[in-house]
Structures are given as structure tokens and as C-alpha cells.
Amino acid sequence: MDERALHDVHPFPADLERRPDPYPWLNDLREAGPVQRVRLRGGTEAWMVTRHRDVLAAAADPRLSSDPRRVAAGARLLGTPASPSMLTTDPPDHTRLRRLVSRAFTARRVEGLRPRVRELAEELLDPVTPHGHADLVADFAFPLPVAVICELLGVPFADRAFFSRQSTEMLRPQVDSAGVAVAEAARGRLRAYLAELIRDKQLRRTDDLLGDLVTAGEENRLSDDEVVSMAVLLLVAGHETTVNLIGTGMLLLLRRPLRMAALRDDPALLGPAVEEFLRYDGPVMTGVIRYTTAEVEIGGQAIPAGEMVVLSTGAANRDPERFEHPDELVLDRRDNAHVAFGHGLHFCLGAALARLEAVEGIGALLRRLPGLAPAMPEDELRWRPSVLRGLQALPVTFEPVVR
Ligand code: HEM
């Protein structure tokens, strides 16, 4: 008998990432059993893995592929991009693509960026501090990581409104072919923009990551299409995620003024607090997607070959088997082995950078904006219409400081 016929199919809520609290749904799913059948927003059915230990095991299992081309079109996520990047390839292509850029993102190289990230944070706050009010997302959480990834890649910061519009369109949850067409058009515009930038770099050497990629020696040479896919991935991943981490982290602190004051007084507490923001309400809840290339068993469930499997890092990070009081925010939590950055070969390339940006960014906000308080009732806050989880805006007030 078909294994799938034995399962209830849970419809994936259309508004999951926009709910004030999406975790009851994820917790209920985990309580229904470690691996559940879900119908995603575009209609594709998939298996959703919700326990911490199963997410770790599945993310390290070579029979689970990251490459949607290895399964029939009907088993893929609606709107899967046609051009592969490291995120959607397996070894050996994944190894080759990742190796070319991994040196720029090591803990040591990223640590070298700390003074520049700190300087950028100060520059962004200088015009904000005299006003006494701000939108922490638009005025800070968004431009900080965008400025950093632009400098790293060699993409003009001045073009941010254009490329952010495209990446927002690309990350909207896809429910039908009309939505896919809009997202594909946005991807096309972003690819065309980056292809032109890369052509310029081929003519005129620039000292940045994209410049290095186009002038790499023969054995490291990427096709033009691969360089553009790499640029799209790094630009989108580099700025759609950390903005959410800083925004959500600040919301969680605004709800806890005493804890916020303690973090301002002792910046050494910021590192563990950022880890807890990642665990408690990180930017990627259900975004780690795999495809079975053989029959595999996960959490006691046999999954046939050729199926989509969603590893829910959001559900795993609230797993009571792994975390004590998982639904409580414990800013100095010890043993915080969350999976917010994934696990295995595809572990987030930008994890060290995201951590540094969040620690420096939140540290600067607490230092420079005394008396921070929400400027809007919490039930009026809106979350972004995106497959990632993040606030649309976070209006605050504070004591104006004129230097
Ligand atoms: C809080 C911020 C971030 C979170 C929560 C996050 C989360 C993740 C997750 C869960 C994955 C694994 C995907 C998978 O296994 O399929 C991933 C991969 C990746 N992330 Fe991040 N990310 C963040 C920031 C960044 C930044 C700042 C960059 C900058 C370049 C970045 C670049 C990448 C890349 C290139 C991959 C693909 C790695 C591979 O396939 O080998 N991420 N990220």
C-alpha cells in the first residue's frame, strides 16, 4: 500500500511567516508525529521533519539531495529557479562552487570586517539619533547588512532600492503560476543587472569578491551563468536574512526592557542573546529543502525516492526533546545547539558574518538610542509577505541625542 495514503495531509498555512506567533502550528505538527505530510502553498505535497535530531540526521544524509533537478517537476517547490547555485547542487558541483568563495566567509576573514561593520553602524545611526523616533528596520536593520554585502561583493549600495525590490518579489511565497511569473521576471531583472556589473568587472579589475571570481585562474573558472547565480545567491542571502535577525531580536528586547538594559550594560551578553534570537524566532523556519534520491527512513517513517522533504529548522529549534523550556526566550541559554543556520555540507556560508552583524548592530542600537521603546502597539506590527520570517517595520521612540 502507498505509505502516503496512511497520512493526513496538513495544509501549510498561507500566512505562517506573517503570524505574530507561528510556533503553535509547528509545535502541533511535531506533536502529531516527527515526520508529517504537508501540502505546500503552491500545491506540492512534501514530508516535513520537525524533530531536532531528525533534522540533524537528514541534513547530513547524502541520499537527501539539494538539487531539485533530481526529482520530477511535480515534486519540486513551485518556482524553483532554473539556474543552479551552490544552494541547489550536490557534490561535486557544490564542492567546487562553495570552495571558490568560502575563504571570504571564514571566521577569521569575517572578524577582520568587524571595525568596518562597527563604522557602518555608527554612520547609519548618526542621522537618526537627533530625531527621537525611527523605524529600526528601514533605518538600520536593512541598510546595515546590505551595505556590508555590497562592499564584499562589489555591488553599488546606491542600487539597493532596485535589487531589494527584485529579491522581495523572488522570496514571496508562490501559490500559483501568476505568482511564479512575477518572481521569475524579478529574478530575470536581477540576473541582467548583475550580468552587466560582472561584464564591467571583466573589463576593469576590481578588488572585491565578484572581481576575484571573474579573474580566477583557468582551473577555478566559472561559466558566466554560474558567476551570475553565485552573485544572486550571495546578494539575496546576504541581505534578506540578517535584517530579520536584527529586527526580530530588537522586538524581543523591546518586550523586555530590563533585559535590554542588562545587554546594554554588558555587551558580552550580546553573543549568547543573538544565538537565542536565532533559536527562538530565526529568519528561516521551513526553508531547508531536500529531495530523496532513494528510499530513506526518517524518524521511523519510510519516505520513497523522488519526494520533497522540508527540514523545519523552526520546529527543531523548539523541540522539547533537545531544549529545556523551548518556548521561553532565555537570553543566556547554555548548550544552545540550534539549527537556525542549517547543518551539514550546506551549513550557512554567511553564519559568521550574520552573527557579527547582529552583535555589532544590536550593540550599536542599544548604545546610541537611550530609552528605546515601541512606538506602536504590538498587534499593529506587520510581518513581511516572504518565505523568510521578519518584520516589515519596527517603529520606536528614544531620547534624542544631539552630538
Ligand atoms: C541570520 C541570518 C542567516 C540565516 C538564519 C541563514 C540561514 C541559512 C540556512 C538555514 C542555510 C542552509 C540551507 C540548506 O541547507 O539548504 C543557509 C545557507 C546559505 N547561506 Fe545563510 N543564513 C543567514 C545569513 C546569511 C548571510 C549573511 C549570507 C551571506 C553571504 C548567507 C549565505 C548563505 C549561502 C551562500 C548558503 C548556501 C550554502 C551552501 O549551499 O553550501 N547566509 N543559510
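See the structure above.
Residues numbered from 1 in each chain as written. Predicted model: local features only at pLDDT ≥ 70, side-chain atom pairs only at ≥ 80, totals over all residues.

A. Region of interest: the overall build of the chain. Within the chain one finds 16 helices and 11 strands. If one aligns the C-alpha atoms of the chain with their principal axes, the spans along those axes are about 70 × 55 × 40 Å. Per-residue burial for the chain yields a buried fraction of 42% across its 403 residues. Considering only intrachain contacts with a sequence separation of at least 6, the fraction spanning at least 24 residues in the chain is 74%. (Helix = DSSP H or I, 4+ residues; strand = E, 2+ residues; numbered from the N terminus. Buried ≥ 20, exposed ≤ 12 C-beta atoms within 10 Å, placed from the backbone. Contact = placed C-beta atoms within 7 Å.)

B. Layout of the site of the ligand. Neighbouring the ligand are 25 residues, the closest being Thr-241, Gly-342, His-346, Cys-348 and Gly-350. Those elements that provide at least two residues to the shell around the ligand are α11 (224-240), α12 (242-254) and α16 (351-368). No other element matches α11, which puts four residues into the shell around the ligand. Residue classes in the shell around the ligand are distributed as 15 nonpolar, nine polar and one charged. (Near = placed C-beta within 6 Å. Nonpolar A, V, L, I, M, F, W, Y, C, P; charged D, E, K, R; others polar.)

C. Up close: the packing of helix α14 (residues 270-281) against α16. Relative to each other, α14 and α16 sit at 115°, their axes nearing to 10 Å. Regarding α14 and α16, the two cross each other, and that crossing is right-handed. In this structure, α14 uses Leu-270, Gly-271 and Val-274 to contact α16, whose residues at the interface are Arg-355, Ala-358, Val-359, Ile-362 and Gly-363. Tallied by class, residues from the contact of α14 with α16 come to five nonpolar, two polar and one charged. (Axes fitted to C-alpha atoms, helices over the stretch in contact; angles between N-to-C directions. Left-handed = near helix turned anticlockwise from the far one by under 90°.)

D. Examining the sheet that holds strand β10 (residues 373-374) more closely. Reading across the sheet, the three strands line up as β5-β11-β10 and stay open at both edges, with antiparallel pairing between neighbours. Looking at the sheet topology across the chains shown, the edges are occupied by β5 (133-135) and β10. Here β10 pairs with strand β11 (residues 395-397) via two bridges, running antiparallel. Residue pairing in the sheet places Ala-373 in a bridge with Thr-397 of β11. (Pairing = 2+ DSSP bridges.)

E. Region of the structure containing the sheet that holds strand β9 (residues 308-311). Taken together, the six strands give an open sheet; going across it, the order is β1-β2-β3-β9-β6-β4, and neighbouring strands pair in mixed fashion. One side of each edge strand has no neighbouring strand; the edge strands of this open sheet are β1 (9-11) and β4 (64-65). Contacting β2 (35-39), β3 (45-49), β4, β6 (288-292) and β9, helix α2 (residues 52-59) runs over the sheet at an angle of about 125° to β9.

F. Region of the structure containing the nonpolar core. Ranked by size, the top nonpolar core spans 104 residues in total, and within it Val-49, Leu-136, Leu-153, Ala-231, Leu-235 and Val-309 carry the most contacts. Per-element accounting of this core gives the leading share, 10 residues, to α11. Not counting residues within four places of it along the chain, the set of residues in contact with Leu-235 comprises Ile-149, Leu-153, Val-155 and Phe-163. (Core = buried A, V, L, I, M, F, W, Y, C linked by C-beta atoms within 7 Å.)

G. Structural detail: helix α8 (residues 160-170). Residues Phe-163, Gln-166, Ser-167 and Met-170 constitute the buried set of α8. All buried residues of α8 fall inside an arc of 95° around its axis, so they share one side. (Arc of directions from axis to C-beta.)

H. Here's a closer look at the environment of Tyr-291. Structurally, Tyr-291 can be placed in strand β6. Residues Tyr-291 and Leu-64 lie 227 residues apart in sequence; the distance between their C-alpha atoms is 5.3 Å. Setting aside residues up to four positions removed in sequence, Tyr-291 forms contacts with Leu-64, Ser-65, Asp-67, Pro-68, Arg-70, Val-71, Ala-75 and Met-308.

I. Highlighting the pairing of β6. The buried fraction of β6 is high, at five of five residues. Burial along β6 is two-sided: Val-288, Arg-290 and Thr-292 and Ile-289 and Tyr-291, pointing in opposite directions, are all buried. The pairing of β4 with β6 spans two bridges and is antiparallel. Bridging across to β6, Ser-65 finds its partner in Tyr-291. In terms of strand pairing, β6 meets β9 through four bridges, oriented antiparallel. Bridge pairing in β9 places Ile-289 opposite Val-310.

J. Molecular detail of the environment of Pro-62. Within the element layout of this structure, Pro-62 appears in the loop between α2 and β4. Measuring from C-alpha to C-alpha, the distance between Pro-62 and Gly-344 comes to 9.7 Å, with 282 residues separating the pair along the chain.

K. Structural view of helix α5 (residues 114-125). For α5, which comprises 12 residues, the first-to-last C-alpha distance of 17 Å matches the rise-based estimate of 16 Å (1.5 Å per residue) to within 8%. Looking only at α5, the buried set comprises Val-117, Leu-120, Ala-121, Leu-124 and Leu-125. Here the buried residues of α5 occupy an arc of 130° about the axis, which is enough to place them on one side. The exposed set on the far side of α5, more than 90 degrees from its buried face, consists of Pro-115, Glu-119 and Glu-123. Of the surrounding elements, those touching the buried residues of α5 are α6 (136-141), α7 (143-153) and α16. (Expected span 1.5 Å × (residues − 1).)

L. Inspection of the packing of α12 against α14 at higher detail. Across the interface, α12 lies against α14 with an axial gap of 10 Å and an inter-helix angle of 95°. On the basis of the axis angle, α12 is roughly perpendicular to α14. Between α12, through Leu-245, Thr-248, Gly-249 and Leu-252, and α14, the contact on the second element is made entirely by Val-274, Phe-277, Leu-278 and Asp-281. (Parallel < 35°, antiparallel > 145°, perpendicular 65-115°, else oblique.)

M. Representation of unusual backbone geometry. In this structure, the amide linkage connecting Pro-91 to the following residue, Pro-92, adopts the cis form with an omega of 5°. Tracing the chain through its elements places Pro-92 in the loop between β4 and α3 (93-102). Even without being glycine, Asp-335 reaches a positive phi, approximately 55°. Its location among the elements puts Asp-335 in the loop between α15 (313-316) and α16.

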